[in-house]
Amino acid sequence: MKVKMNLKTKMLVYILATSSVIYALALGYVSLKLNSIAFDNAKELTTTYAREYANYTKADLSVDMNMTRALAHVSKIYKNLPPDQMKTVLNEMIEHLIEENPNFLSTWYNWELSAIWPDWEKPFGRLRLTYYRSDGAIKYKEEILDTVAGFTKGAYYDILEKQVEYVMDPYYFTYNTGEEEILMTSVAMPIMIDGVSVGIAGLDLELQRFQDLIKDIHPIEGSYAFLIAYNGQFVAHDNEALVGQYIQDLSGENSNVLEMIQNGEEFSNARKGADGRQYWTSYAPVYIGNSPTPWSFGFAVPVDVIMAEEKATLTRSIIVGVVGLFLIAFIIWLIAHSISRPIKKTTTILKDLADGDIDVNKKIEIKSKDEIGEMANSVNTLIDGLNKTAEFAREIGKGNLEKEFNLLSDKDVLGNALLEMRKSLKIAQEQEKERKLEDQKQNWATQGLAKFGEILRQNTDDMKEFSYHIIANLVKYIDANQGGIFMINDDDKNDVFIELLSFYAYERRKYMEKRIEVGVGLIGRCVQEQKTIYMTELPEEYINITSGLGQSVPSALLIVPLKVNDEIFGVVELAGFNKFEDHVIKFVEEVGESIASTISTTKINIRTSQLLEQSQQQSEEMAAQEEEMRQNMEELQATQEEAARRSAEMQGLLDALNSANLVIEYDLDGYIISVNNNYLQLVGTTRDQLVGTHHTDNMKLTKAQEKEIEQFWKDLRKGISKKETDHVEFGDKKYVFVATYTPIVDEDGNPIKVLKIATDITDYTKGKK
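1. Some words on the overall build of the protein chain
- Within the protein chain, the secondary structure is distributed over 16 helices and 26 strands.
- Counting every position in the protein chain, which comprises 769 residues, the buried fraction comes to 36%.
- Put simply, the protein chain shows about 45,900 Å² of open surface, and 52% of that area lies on carbon and sulfur atoms.

Right under this line is the structure:
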């Protein structure tokens, strides 16, 4: 069953219920947020403490590293002194240094013997000078080490090779006789000369001072601090039992803690302490000079201490929230009462507006300037706006498209729709005007084409009269002032030019003669490019329009090619004081195509008539030629009979030559193109093997003979016959021929090949020898 409630009740129920839900959600959110913020603050605080004490530790150790660095740099000054003098100076420095610094357990130098003793030839061996504290006194020790091959290399040689300052991992050692070893470390700096390590300067430091520091660090209840070396060894810890142990060996520690320490990272983690409490621990890196072995300072805080303040804050928030809910309920009741009364009145008016009643007398009178007053003003504005919109719609309906209308706002959908409707009606009116104008242009062009089609069907016998009628009517029809038709004159194929056939201006026929070369001027360019030229800015000297009132330069010039099927016959030129519109230019181009088509047809008719006349004349000439040809044929037949007789005699002669001689034919470059069987049988080869070979192949010639052969063939190509004795070798056989070379000429007397007729005299030459 749906419960009906008035506005006041709904506001009380909904707002109060919503407020309660929001309060519960906010309280939960605040609780979680406080918990997160408190924890984040605690983490940031532990990180800050860790970072602060790490910087303190870094500063302390950096002082020691700076002293070591100074020892290394100063020692290079004395490197070139005699060995004993250098040793004395260096000893004084390290002795003074240990005397002035009680926290130093020892100060020392290591020098490569090859760097300070010129006579030392081994690549190993070092001198160690040491001042150290022992049994309450400062003592001195001088040693020569590693002079025998096979010694074990330690940290000293690592520092020499890496050439970096170094903080060694903590180690247990003592200089006091009979005393327990203490935890210490060493800082060392290589001595570099010209990029080569020649020794190391260093200090031995007791680490108890950091343990004394750690014990006093308790800024937060239950917190403690510790210092870890590069290898994970505890240097100092609130729990002294852990000093000297390794963090990676402790249970409950993350396996990657050592890796992050050695990478010099700042990080935090949560872990369970030995007392069973949960701790948040932050680690801050301690970089000592430029040593690649950073240490890490840790600071741990119990989680329950961190969260204690957050729990107290949450309790106070709950109490404040409950009191606030009661206060909100009372305020909501007052607000609901003040809102519901004017809303009821507004609702009544909105119902009338929904029914279409927009009477201006129904406006709401409310004096308040809050949202209720704005709502009343909005209703009143709506009533005024609807009345104005209705009035605008009535004017549009009457056809008054210029009626002014102001939108209620940018979001006035109804007003925008009416404005869009008015805009659409205006566009429709403009489009109708444009359509009518286009129809007028189309009708004008259609009527013009029909008119000129009729003109083109007349007066085609006389080209000048035909062109005059065309240009006269075209100038009048497009409202130009003057025009002319230019035709291509190709009667003489060697002298093709453009001539003016007809010119018309101001309703008068003008008689002008004008010759224009193709490609020259605008007319020549139009013929050459076969494209329309339209200009509105003409040079004064190009053309003038002459009338009874004087001369003037036209405002527009139109030159249209007369072409059809890509063949051009001429151009039409039109000029006027008014610019030609696009539809006029298009019309002239279409008329120009019709003119060109008519000219083409006329030329074809004229050419056909000429060809017909020429054909009749040729027929008469052919009849006369046939009689002459008959007589020539009788003479030719007699000549052919004589030629056949002579050919038979020549063939018999050739057959006799072939049977009795050796016959070879050459081209003019000396290559064999034919050979008779007698020659093939004699030398024992085939025609395929011999044809294509050169005259000198199978001959052994000297350089002098080669030059003679070149002149020999030059003479033959000039038509001079030659007689030679040829020596030819085929395989292991040698032949001697007496040969005559005769050029064979064509009907014009030009040599075309060479005929060789030879006789074998090989046996004769052998008998003669």
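The discussion continues.
2. Describing the packing of aromatic side chains
- Scanning all chains against the criterion turns up 28 aromatic pairs.
- Measuring from ring centre to ring centre gives 5.5 Å for Y224 and Y279, while their planes differ by 65°; the resulting arrangement is edge-to-face. Remark: Y279 occurs in strand 11 (residues 278-286) and Y224 occurs in strand 8 (residues 224-228); sequence separation between them is 55 residues.
- A residue is classified by how much of its surface remains accessible, and Y279, at 5% relative accessible area, is buried.
- Each ring, one from F226 and one from Y283, has its centre 5.7 Å from the other, and the planes form 65°; the classification is edge-to-face. Of the two residues, F226 is situated in strand 8 and Y283 in strand 11; the sequence distance between them amounts to 57 residues.
- Judged by relative accessible area, which is 2%, F226 ranks as buried.
- Judged by its relative accessible area of 1%, Y283 falls in the buried class.
- Of the aromatic side chains, those joined through ring pairs into one cluster are Y224, F226, F234, F267, Y279 and Y283.
- Positioned above the aromatic ring of Y132, the side-chain terminus of K141 is 5.6 Å from the ring centre.

3. Comments concerning helix 9 (residues 413-456)
- Compared with an ideal rise of 1.5 Å per residue, which puts 44 residues at 64 Å, helix 9 spans 62 Å between its outermost C-alpha atoms and is within 8% of the ideal.
- Turning to helix 9, its buried residues number three or more, namely G415, L418, R422, A445, G448, F452, G453, I455 and L456.

4. Here's the deal with the pairing of strand 8
- Buried residues dominate strand 8, accounting for five of its five residues.
- Judged by which residues are buried, strand 8 turns out to be covered on both faces: Y224, F226 and I228 on one side and A225 and L227 on the other are all buried.
- The pairing of strand 8 with strand 12 (residues 295-302) spans five bridges and is antiparallel. Residue pairing in the sheet places I228 in a bridge with S296 of strand 12.
- Where strand 8 folds back onto strand 9 (residues 234-237) in an antiparallel hairpin, the turn is made up of five residues, including G232, whose phi is positive at roughly 90°.

5. Digging into the packing of helix 9 against helix 10 (residues 463-477)
- Here helix 9 crosses helix 10 at 165°, and the two axes come no closer than 10 Å. The angle between the axes of helix 9 and helix 10 places the two elements in the roughly antiparallel class. Along this stretch, helix 9 crosses helix 10, giving a crossing that reads as right-handed. Facing helix 9, whose interface residues are W444, Q447, G448, K451, F452, I455 and L456, helix 10 presents F466, H469, I470, N473, L474 and Y477.
- Considering only residue class, the contact of helix 9 with helix 10 consists of eight nonpolar, four polar and one charged.

6. Thoughts on the sheet that holds strand 10 (residues 267-272)
- The five strands lie next to each other as 9-8-12-11-10, forming an open sheet whose pairing is antiparallel. Looking at strand neighbours, the two that pair on one side only are strand 9 and strand 10, the edges of this open sheet. Strand-to-strand, the axes of this sheet are offset by a mean angle of 20°, without reference to chain direction.
- Alignment of strand 10 against strand 11, held across six bridges, turns out to be antiparallel. When the bridges of strand 11 are listed, F267 appears paired with Y283.

7. Remarks on the pattern of salt bridges
- Summed over the entire model, instances satisfying the criterion amount to 22 salt bridges.
- Two residues, E729 and K700, come together in a salt bridge whose shortest N-O distance is 3.8 Å. Separated by 29 residues along the polypeptide, E729 in strand 24 (residues 722-730) and K700 in the loop between helix 14 (687-690) and helix 15 (703-717) bring together distant segments of the chain.
- On the basis of relative accessibility, which here comes to 22%, the residue E729 falls in the partly exposed class.
- For K700, a relative accessible area of 69% gives the class exposed.

8. Overview of the nonpolar core
- Y109, W111, L227, W295 and F297 are the most contacted members of the largest nonpolar core, which totals 53 residues.
- For L227, the contacting residues outside a window of four places in its chain are T57, F210, I214, Q233, F234, V235, A236, V286, W295, S296 and F297.
- In terms of nonpolar packing, the next biggest core, distinct from the first, is built from 36 residues, A445, I470, Y477 and A480 among them.

9. Considerations on the side chain of N110
- The topology assignment puts N110 in strand 1 (residues 104-112).
- Residue classification places N110 among the buried residues on the basis of a relative accessible area of 3%.
- Within the local environment of N110, its side chain forms a polar contact with the side chain of R126, the two groups lying 2.6 Å apart.
- Setting aside residues up to four positions removed in sequence, N110 forms contacts with R126, L127, R128, Y156, V198, G199 and I200.

10. Comments concerning a nonpolar patch on the surface
- Taken together, the side chains of L327, F330, I331, W333, L334 and I335 make up a nonpolar region of the molecular surface, amounting to roughly 580 Å² of accessible area.
- Mapped onto the fold, W333 is located in helix 7 (residues 303-354).

11. Considerations on the sheet that holds strand 26 (residues 751-760)
- Ordered in space as 23-22-26-25-24, the five strands form an open sheet in which the pairing is antiparallel. Strands with a single pairing partner mark the edges of an open sheet, and in this sheet they are strand 23 (672-675) and strand 24. Geometrically, the sheet is characterised by an average inter-axis angle of 30° between neighbouring strands, direction not taken into account.
- Bridge count between strand 25 (residues 733-745) and strand 26: nine bridges; the pairing is antiparallel. Residue Y741 lies in a different strand from strand 26, and its bridge partner there is K756.

12. Regarding the pairing of strand 24
- When strand 24 meets strand 25, the two strands line up antiparallel, connected through nine bridges. Looking at the pairing, E729 lines up with K734 of strand 25.
- Linking strand 24 back to strand 25 in an antiparallel pair, the connection comprises two residues, with G731 at a positive phi of about 70°.

13. Details of unusual backbone geometry
- The phi torsion at D135 lies on the positive side, around 55°, for a residue other than glycine.
- Along the chain, the position of D135 falls in the loop between strand 2 (126-134) and strand 3 (137-145).
- Look at D479: it is not a glycine, yet its phi comes out positive at around 60°.
- As for its position among the elements, D479 is in the loop between helix 10 and strand 13 (482-489).

So, how was this worked out
- Residues numbered from 1 in each chain as written.
- Predicted model: local features only at pLDDT ≥ 70, side-chain atom pairs only at ≥ 80, totals over all residues.
- Heavy atoms only, no water.
- Helix = DSSP H or I, 4+ residues; strand = E, 2+ residues; numbered from the N terminus.
- Buried < 20%, exposed > 50% of the residue type's maximum accessible area, 1.4 Å probe, protein only.
- Areas by Shrake-Rupley, 256 points an atom, 1.4 Å probe, with all protein chains shown as cover.
- Phe/Tyr/Trp six-rings, centres within 6.5 Å; stacked < 30°, edge-to-face > 60°.
- Lys NZ or Arg CZ within 6 Å of the ring centre and 35° of its normal.
- Expected span 1.5 Å × (residues − 1).
- Pairing = 2+ DSSP bridges.
- Axes fitted to C-alpha atoms, helices over the stretch in contact; angles between N-to-C directions.
- Parallel < 35°, antiparallel > 145°, perpendicular 65-115°, else oblique.
- Left-handed = near helix turned anticlockwise from the far one by under 90°.
- Contact = heavy atoms within 4.5 Å.
- Nonpolar A, V, L, I, M, F, W, Y, C, P; charged D, E, K, R; others polar.
- Salt bridge = Lys/Arg side-chain N within 4 Å of Asp/Glu carboxyl O.
- Core = buried A, V, L, I, M, F, W, Y, C linked by side-chain atoms within 4.5 Å.
- Polar contact = N/O pair within 3.5 Å; in protein donor to acceptor, adjacent residues only side chain to side chain.
- Patch = residues over 30% accessible without salt bridge, like charges linked within 9 Å, V, L, I, M, F, W, Y side chains within 5 Å.

By themselves these figures say nothing about function.
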